[in-house]
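Structural overview
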Amino acid sequence: MSDNNSRKSENPSRESDDASRGDESNTAVETGGGESEPGEPRRGAKRTDGGVATGGRTADTDYLDARVNIFKPSTPFMRDHLRIVWTMFAAWAVFVFGPVTATYLATDFMTSTTVGGFPLHYLLTSMGAPLGALVLSFVYARKRDALDEKYGIDHSSGATSADAEPAAADGGTER
Amino acid sequence: MMLTPLDLLPDALNASFKLIPAIMVSAMLLLFLGIGYAFRVADTEDLWVAGRSIGNVENGMAIGANWMSAASYLGMAALIALSGYYGLAFVVGWSTGYFILLIFLAAQMRRFGKYTAPDFVGDRFDSDTARAIAALTTILIGFVYSVGQARGMGLVGIYVFGGDYTTMVVLMMGITVGYLALSGMLGATKNMAVQYVILIVAFLAGLYAVGWTQGYSTFLPQVEYGALLSQLNTEFTQPFTNGGFYLWVATAFSLIVGTCGLPHVLVRFYTVESERTARWSTVWGLFFICLLYLSAPAFAAFGTDLYAKKVGDVYGASGMSGAEGDVIVVLASQLANLPTWFVGLVAAGGIAAAIATTAGLFIAASSAAAHDIYTNIINSDATQRQQLLIGRATIVVLGAIVTLTALNPPALVGELVALAFSLAGLVLFPMFFLGLWWENANRPGALAGMTTGLLIWTAAVFNELILATDAGPVVPIYADIFPAVGAALAGTPIVFAVTIGVSLATDEPPERIKRIVRQCHSPEPMGQQQSAEDVVSNDGGPVSGDD
């Protein structure tokens, strides 16, 4: 537990959107449903702990009790994230398998149309698909960063190795 | 397509000892050994995950170098030159797969935070058998993949040092193994950034020089080669002449899921400092990869045209041989009458590409043997010294087997490598994907799924390569549905279905496992050295009783 405190206190920025997020996260925890029982006392403890010490918003949603199923996101964060993932996956599929399918279905049109010397099917396959994937990757990483910001996630604190020391010590004493 | 015995001497290539290129290649190899020595390691954390300290661009370059093997540097242009539009399936599959890796796996894998791909499978499905199957698959992938690299290195070595194919394969593999045994992953990661720079500079310089001197292009050969396409033999652009629509899609699909299942690619995400770095370094990696993949078709077009003008017919019985195709990048530079030292630079890039990737594969295979099989299954009290010893022994033994197999390889560089992708896509990708995205995937499901995948792949390879005769595959219909390089299109959904079905029919995994999966998707930042398992077990709760 002391580990949780120390990590949270390094992210004071999360306090700001604590209040605004409280409601929806609580519902999410409940929809987590099924086996919420074992986690129950702990979640309560965490919330009190969050309220007293720093009020970090991560105390609201207990992600360890939220089921993971790619078709049934159970937290607001996962819902937002998966919306991005699926939209971009659809766009990717068009870039990757679109050109070859179009070439198969409309061979004459695709091979006889030329753009800058390239037959259209060759251009879309050799350049459209790789560049499309590159652009989509960039857009995804940007959107994911924006999502992190929305949920007050700060990776810079997670990356310090100082963080790991108390974690290890903590685990040692608990066992 | 993969049945014809391959010539091992590229006839059109000027094979003789050349002093300046030989000095350049030797200097480059010494540089790798020097870097490897300077960053040599003594403990396993460094050997396998480089202390989890690698940043964005550096990891992106390492992803690029790790990725861009002889199959990209040499094999890609060869496939495009020899099989036309079908060759583009390789461009598409090998680049766009990174996007799937990025959105579905990279950050979650980083959060899971173990050492190796088999580690993930073993811990996630809580089974040493699953760990062993994954480890053996990793070693098998490393083997198949490296045979392609050894062939590439051997062929290019002939240009630089003369001599025969056998000597070159033995020499080059010896150097690779030597430097790996010295340096491990940290050295390898530092090396990979250097190797990426060498290989991309060499490739682009070669492309620009050929395009410029032969009047094909000026400032953007990647786009300007379009004007040349109409002058080439129609086989170069005509769709579906060397493989139909199904084979095209199957190949691209296999390469995509294979990308997401390759252990030596995944381990790159364990080496980074945070999950955000895991994401952005993937974007960087794809950018670095695209630099080469947008250029390879241009190189193929230039090479094909030069071959037609200066050597003879490209296609048909007396056309370009497989060995000539596999060195077309070097061959094009030679046919363009570029200075010997310059062609040597292009050749050195090919060698750098092959060594970088072989290094990554051997590291993955050696950690599978030392960490996953030896330490976790055979001797749980293994000291770091013993693990390092086993790891290095694996590298040496694997190097010897790869060298022997590469003396008489069954297919083109690019095709050999594609076989490894279809194996990864069939066996490991479904485990990674379901393991991370469906918490109810369980041990019996994983075992059944991986076994199914292995069977499909083995049957395809035996059917099409090992037992096949001149008349074709043993069972033609099986080869149509599960072509060896594209077995994942029909096979991966089957593996998914088997895994899901068996998981549903058996008990759900323990709560402890589910919580680890959830931790992989939690947005809360984690410590640099923490794994999802650490977080879950430090958290108290009902954990320990569950197991």
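Residues numbered from 1 in each chain as written. Chains lettered and ligands numbered in written order. Predicted model: local features only at pLDDT ≥ 70, side-chain atom pairs only at ≥ 80, totals over all residues. Heavy atoms only, no water.

Bringing the overall build of chain A into the picture now. Helix and strand content of chain A: eight helices and two strands. Walking chain A from its N terminus toward its C terminus, one meets helices and strands in the order α-α-α-α-α-β-β-α-α-α. Classification of the 175 residues of chain A by burial places 50% in the buried group. Considering only intrachain contacts with a sequence separation of at least 6, the fraction spanning at least 24 residues in chain A is 65%. When the accessible area of chain A is evaluated, it comes to approximately 8,000 Å², of which 61% is carbon and sulfur surface. (Helix = DSSP H or I, 4+ residues; strand = E, 2+ residues; numbered from the N terminus. Buried < 20%, exposed > 50% of the residue type's maximum accessible area, 1.4 Å probe, protein only. Contact = heavy atoms within 4.5 Å. Areas by Shrake-Rupley, 256 points an atom, 1.4 Å probe, with all protein chains shown as cover.)

Once that is clear, we can look at a nonpolar patch on the surface. All names here are of chain B. Together, Tyr246, Phe462, Ile466, Leu467, Val474, Val475, Ile477 and Ile481 line one region of the surface with nonpolar side chains, adding up to about 730 Å² of accessible area. Looking at the nonpolar patch, the elements that each hand over two or more residues are α21 (443-466) and α22 (476-481). You can see Val474 is positioned in the loop between α21 and α22. (Patch = residues over 30% accessible without salt bridge, like charges linked within 9 Å, V, L, I, M, F, W, Y side chains within 5 Å. Salt bridge = Lys/Arg side-chain N within 4 Å of Asp/Glu carboxyl O.)

Below, the discussion takes up the environment of B:Ala400. Residues and elements named next belong to chain B. Structurally, the position occupied by Ala400 is in helix α18 (residues 384-406). Its relative accessible area of 41% is what places Ala400 among the partly exposed residues. In the structure, Ala400 is positioned 230 residues away from Val170 in sequence and 8.7 Å away in space, judged by C-alpha atoms.

Taken as a whole and assessed by the stated rule, the structure comprises 38 aromatic pairs over all chains. Aromatic side chains A:Phe89 and B:Phe104 sit 5.8 Å apart centroid to centroid with 65 degrees between the ring planes, which places their arrangement in the edge-to-face category. Note that A:Phe89 is positioned in helix α4 (residues 76-105) and B:Phe104 in helix α5 (residues 88-112), a pairing that runs across two chains. Cation over ring: B:Lys18 sits above B:Tyr159, and NZ or CZ is 3.8 Å from the ring centre. (Phe/Tyr/Trp six-rings, centres within 6.5 Å; stacked < 30°, edge-to-face > 60°. Lys NZ or Arg CZ within 6 Å of the ring centre and 35° of its normal.)

For helix α11 (residues 245-261) of chain B, built from 17 residues, the straight-helix expectation of 24 Å at 1.5 Å per residue is met to within 8% by its first-to-last C-alpha distance of 24 Å. Among the 17 residues in α11(B), 13 count as buried, and that is most of the element. (Expected span 1.5 Å × (residues − 1).)

As a further point, take the pattern of salt bridges. Applying the stated criterion to the full structure yields 17 salt bridges over all chains. Note that A:Asp80 is salt-bridged to A:Arg83, the shortest N-O span being 3.6 Å. On the criterion of helical spacing, the pair formed by A:Asp80 and A:Arg83 is a turn pair, its members being three residues apart in helix α4. Note that B:Arg276 and A:Asp145 form a salt bridge whose closest N and O atoms lie 2.8 Å from each other.

All names here are of chain A. The UniProt record annotates "transmembrane region" (unreviewed entry) at residues 84-107 and 119-141. Split by type, residues 84-107 is 96% helix and 0% strand. Its first and last C-alpha atoms lie 33 Å apart. Across residues 119-141, the secondary structure splits into 96% helix and 4% strand, with the terminal C-alpha atoms separated by 32 Å. (UniProt positions renumbered as here; feature names shortened; annotations may be inferred.)

What follows concerns the nonpolar core. All names here are of chain B. Of all hydrophobic cores here, the largest spans 223 residues; its most connected members are Trp67, Tyr73, Trp94, Val121 and Trp248. The element best represented in this core is helix α8 (residues 165-213), accounting for 19 residues. With sequence-adjacent residues up to four places away left out, Trp94 is seen in contact with Trp67, Ala71, Met76, Leu255, Ile289, Tyr293, Gly414, Val417, Ala418 and Phe421. (Core = buried A, V, L, I, M, F, W, Y, C linked by side-chain atoms within 4.5 Å.)

All names here are of chain B. With respect to the helices, strands and loops of the structure, Arg111 is situated in helix α5. Look at Arg111 and you get buried, because its relative accessible area is 2%. Only 2.3 Å separates the side chain of Arg111 from the side chain of Glu275, close enough to count as a polar contact. Aside from chain neighbours lying at most four places away, what touches Arg111 is Glu275, Gln519, Cys520, His521, Ser522, Pro523, Glu524, Pro525, Met526, Ser531 and Ala532. (Polar contact = N/O pair within 3.5 Å; in protein donor to acceptor, adjacent residues only side chain to side chain.)

Residues other than glycine predominantly adopt negative phi, and peptide bonds predominantly adopt the trans conformation. Residue and element names in this part refer to chain B. In this structure, Asp126 is a non-glycine residue whose phi angle is positive, near 55 degrees. Along the polypeptide, Asp126 turns up in the loop between α6 (117-124) and α7 (128-161). Residues other than glycine seldom take positive phi values, yet Asn337 does so here, at roughly 60 degrees. Examined against the element boundaries, Asn337 turns out to sit in the loop between α16 (328-335) and α17 (340-378). According to the relative accessible area criterion, Asn337 is exposed, its value standing at 63%.

Time to look at the packing of α21(B) against helix α23 (residues 488-505) of chain B. When two helices pack together, their arrangement is captured by the angle between the axes and the distance separating the axes. All names here are of chain B. Axis separation between α21 and α23 bottoms out at 7 Å; the angle between their running directions is 155 degrees. In terms of orientation, α21 and α23 fall into the roughly antiparallel class. As α21 packs across α23, the resulting crossing turns out to be right-handed. Residues Pro444, Gly445, Ala446, Ala448, Gly449, Thr452, Gly453 and Ile456 of α21 touch α23, and the partners they reach there are Gly491, Ile494, Val495, Val498, Thr499, Val502 and Ser503. (Axes fitted to C-alpha atoms, helices over the stretch in contact; angles between N-to-C directions. Parallel < 35°, antiparallel > 145°, perpendicular 65-115°, else oblique. Left-handed = near helix turned anticlockwise from the far one by under 90°.)

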